[in-house]
Amino acid sequence: MKQKSGADLSVQTRLVHDPDNAYGVVATPVYHASTVLFPTYADLRRGEADPLSRDSMYYGRMGTPSTRSLEDALSALDNSVGAVLFPSGVAAIAATLQCFLRPGDHLLMVDSTYGPTRNFCLGYLADIGVETTFYDPCAGTAELQSLFRENTRLVFMESPGSATFEVQDVPAIVSLAAGRGILTAIDNTWATPLLFNPLDHGVDLAIQSGTKYLNGHADCLYGVVTCRDNTLYDRLHRYALATGSHLAPDDCFLARRGLRTLAVRLAAHEAAGIALAEYLAQRSEVSQVLHPGRPEHPGHAIFRRDFCGASGLFAVVLDGFDEERLARFLDALALFGMGYSWGGFESLALPMRPVRTLSTRLALGPDQRLLRLHAGLESIDDLTADLEGAFAAAAR
Ligand SMILES: *Cc1c(COP(=O)(O)O)cnc(C)c1O
């Protein structure tokens with residue numbers, strides 16, 4: 001296990017430089033492994049003594065140097081004591097909730113959370129007797145305080161919220177929870193630790209779908225949880241090992257490689273996202289731009305206070321769009337692909353139907369459509385022209 005290390009080099013530099021590249025080879029090698037041999041009987045016995053220790057690589061499932069390289073890089077990015085890898089973002093979220101909640105416990109889950117997270121609470125957690133209350137992402141201290149119960153164990157955040165981009169007051173929520181000894185976890189996929197560092201804001205467990213910006217090339221799935229202290233890390237690491245969770249070596253390699261360029265990619269995604277949001281705000285068809293980096297966004301003050309910048313994912317509300325007009329618009333897009341996920345190098349457009357428990361969230365009229373856009377790394381002028389062409393096609 002690692003001590004928290006001071007960040008004396010800038011993040012851009014730390015992403016590029018590996019302290020322990022083997023034999024002078026710049027890239028981290030891929031270790032394909034199930035069996036690991038022990039040179040002597042004494043070594044075998046040592047390996048068995050603490051098979052769950054992070055230093056033990058006594059069988060492929062426990063990880064290899066490929067795994068450790070990725071874990072160390074992610075852990076350092078978050079200023080955490082340790083990172084635990086999972087085969088997907090959803091696996092990381094599910095593992096965190098399963099590991100730290102017991103039957104009879106109560107969970108506070110933000111209402112704007114990612115759909116599969118909501119479904120995990122309503123399905124699996126409900127089945128095992130964990131009760132979930134969904135709370136308003138913009139709830140004030142008093143409102144949130146009234147939702148805490150004797151058996152509340154964990155508050156889960158996601159900021160900005162999936163699809164609707166509400167910004168949460170993370171420090172305020174953390175101080176409320178910490179005062180009662182309640183754990184806090186956050187889905188930080190949108191920002192990555194480069195734009196918002198949850199652990200520096202006192203959050204206990206920071207979760208990301210590495211599938212998105214961390215990998216950034218739309219070619220592998222993974223998830224990661226970083227932990228604020230060693231007790232949390234030990235518990236989650238042991239849970240992951242006990243349940244046989246494993247990220248395959250080739251995916252570790254892709255993930256490690258993608259991470260090298262995270263800082264420059266994010267800066268380009270941010271610039272493209274802001275330019276496209278600006279263009280869309282001028283369009284008469286667009287009634288709302290849901291981008292926390294824009295001054296008129298309701299969460300902009302908190303965003304300015306807590307975040308170092310925006311990533312490239314945002315949404316707009318299209319007015320006067322029925323299903324046919326929406327189809328004409330989407331089918332006319334040549335550069336924006338239509339598909340799930342985001343955070344890769346490519347631009348994406350996806351109509352969203354966010355599900356909410358509370359009635360206070362974004363209400364869409366019958367001829368309004370919520371369109372989520374991911375600003376990729378193409379030329380901003382080409383992307384704007386693509387949208388322009390689609391608006392023209394939609395009007396026909
Ligand atoms: C995609 C996504 C996830 C899930 O990640 P997978 O790697 O696809 O399982 C979790 N949270 C958010 C906000 C996401 O966008």
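Worth saying up front: this structure is predicted, and the values here are computed from it rather than measured.

Here we take up the site of the ligand. Around the ligand sit 15 residues in total, of which Gly-89, Asp-187, Ser-209, Thr-211 and Lys-212 are the nearest. With respect to the ligand, the backbone of Val-90 contributes an N or O atom lying 2.9 Å from an oxygen atom. Asp-187 has a polar side-chain atom sitting 2.6 Å from a nitrogen atom of the ligand. For the ligand, the protein covers 91% of the area, taking 380 Å² as the surface of the free molecule. Placement of the ligand is best described as lying within the largest pocket.

Okay, the confidence of the model for the chain next. Looking at the chain as a whole, its pLDDT mean stands at 93, while 95% of the residues score no less than 70. In the predicted structure, residues 1–6 sits below a pLDDT of 50 and forms 15 contacts with residues beyond four places in sequence or in another chain.

What follows is about the side chain of Asp-136. Note on placement: Asp-136 falls in the loop between strand E3 (131–135) and helix H6 (141–145). Within the local environment of Asp-136, its side chain forms a polar contact with the backbone nitrogen of Cys-138, the two atoms lying 2.8 Å apart.

In this structure the tally under the stated criterion is zero disulfides. Cys-220 takes part in no disulfide bond, and the closest cysteine sulfur, belonging to Cys-252, lies 8.5 Å away. In this structure Cys-227 is not part of a disulfide, and its nearest cysteine sulfur, from Cys-99, lies 8.6 Å away. According to the relative accessible area criterion, Cys-227 is buried, its value standing at 0%.

Further remarks concern the domain arrangement of the chain. The domains assigned to the chain are domain 1 (19–259) and domain 2 (263–395). The distance between the C-alpha centroids of domain 1 and domain 2 comes to 28 Å. Contacts between domain 1 and domain 2 engage 38 residues on the former and 39 residues on the latter. Carbon and sulfur atoms make up 62% of the surface buried where domain 1 meets domain 2, a total of about 3,100 Å² over both sides. When residues of domain 1 are sorted by the area they lose upon contact with domain 2, Trp-190, Leu-195 and Tyr-213 head the list and together hold 25% of the total. Elements with a minimum of two residues in the side of domain 1 that touches domain 2: E3, helix H8 (192–195) and helix H10 (249–260). Considering each element in turn, the side of domain 1 that touches domain 2 owes the most residues, three residues, to H8. Looking at side-chain class alone, the side of domain 1 that touches domain 2 contains 18 nonpolar, 14 polar and six charged residues.

For any two helices packed against each other, one specifies the crossing angle of their axes together with the interaxial distance. Viewed as axis vectors pointing N to C, helix H3 (residues 65–77) and H10 meet at an angle of 35°, and their least axial separation amounts to 9 Å. Note on packing geometry: the crossing formed by H3 with H10 is left-handed. Only Cys-252, Ala-255, Arg-256 and Leu-259 of H10 make contact with H3, whose side of the interface consists of Ser-66, Thr-67, Ser-69, Leu-70, Ala-73, Leu-74 and Leu-77.

Cut-off values and rules
- Every chain is numbered on its own, with residues counted from 1 as its sequence reads.
- Side-chain atom pairs in this predicted model are given and counted only at pLDDT of 80 or more, local residue features only at pLDDT of at least 70, and totals for whole chains, interfaces and linings cover all residues.
- In computing side-chain values, all of the structure's heavy atoms are included and hydrogens and water are not.
- We call a residue near a molecule or strand when any one of its heavy atoms sits within 4 Å of it.
- Throughout this description, a polar contact denotes any pair of N or O atoms lying within 3.5 Å of each other; where both atoms belong to protein, one of them has to be capable of donating a hydrogen while the other can accept it, and for residues adjacent in sequence the pair is counted only when both atoms sit in side chains.
- Only the protein chains shown count as cover for residues, and all accessible areas are computed by the Shrake-Rupley method using a 1.4 Å probe.
- Cavities and pockets are defined on a 1 Å grid built over the protein atoms alone: a cavity is a set of grid points where a 1.4 Å probe fits but cannot escape, while a pocket is an open set with protein on both sides within 12 Å along at least five of seven lines, and lining residues are those with an atom within 4 Å of any such point.
- To decide whether a molecule occupies a pocket or cavity, check its atoms: if more than half lie within 2 Å of the grid points, it is inside.
- Values of pLDDT, the confidence the predictor places in each residue, fall between 0 and 100.
- We call two residues in contact when some of their heavy atoms are within 4.5 Å.
- Helix and strand assignments come from DSSP, with helices taken as H or I runs of at least 4 residues and strands as E runs of at least 2, each series counted from the N terminus.
- For this text, the term disulfide refers to a pair of cysteine sulfurs within 2.5 Å.
- Only protein chains enter the accessibility calculation, which uses a 1.4 Å probe; a residue is then buried when its area is under 20% of its type maximum, exposed when over 50%, and partly exposed in between.
- Domain start and end points were adopted from an automatic or database domain assignment.
- Accessible surface is computed with a 1.4 Å probe, and the buried area is the amount of it that two parts give up when combined, taken over both parts together.
- The nonpolar class holds Ala, Val, Leu, Ile, Met, Phe, Trp, Tyr, Cys and Pro. Asp, Glu, Lys and Arg form the charged class, and all remaining residues, Gly among them, are polar.
- In this analysis an axis means a line fitted to C-alpha atoms, helices contributing only their contacting stretch, and an angle means the value between N-to-C directions, from 0 to 180 degrees.
- For any pair of crossing helices, the crossing counts as left-handed if the nearer helix is rotated counterclockwise from the farther one by less than a right angle, and right-handed if it is rotated clockwise.

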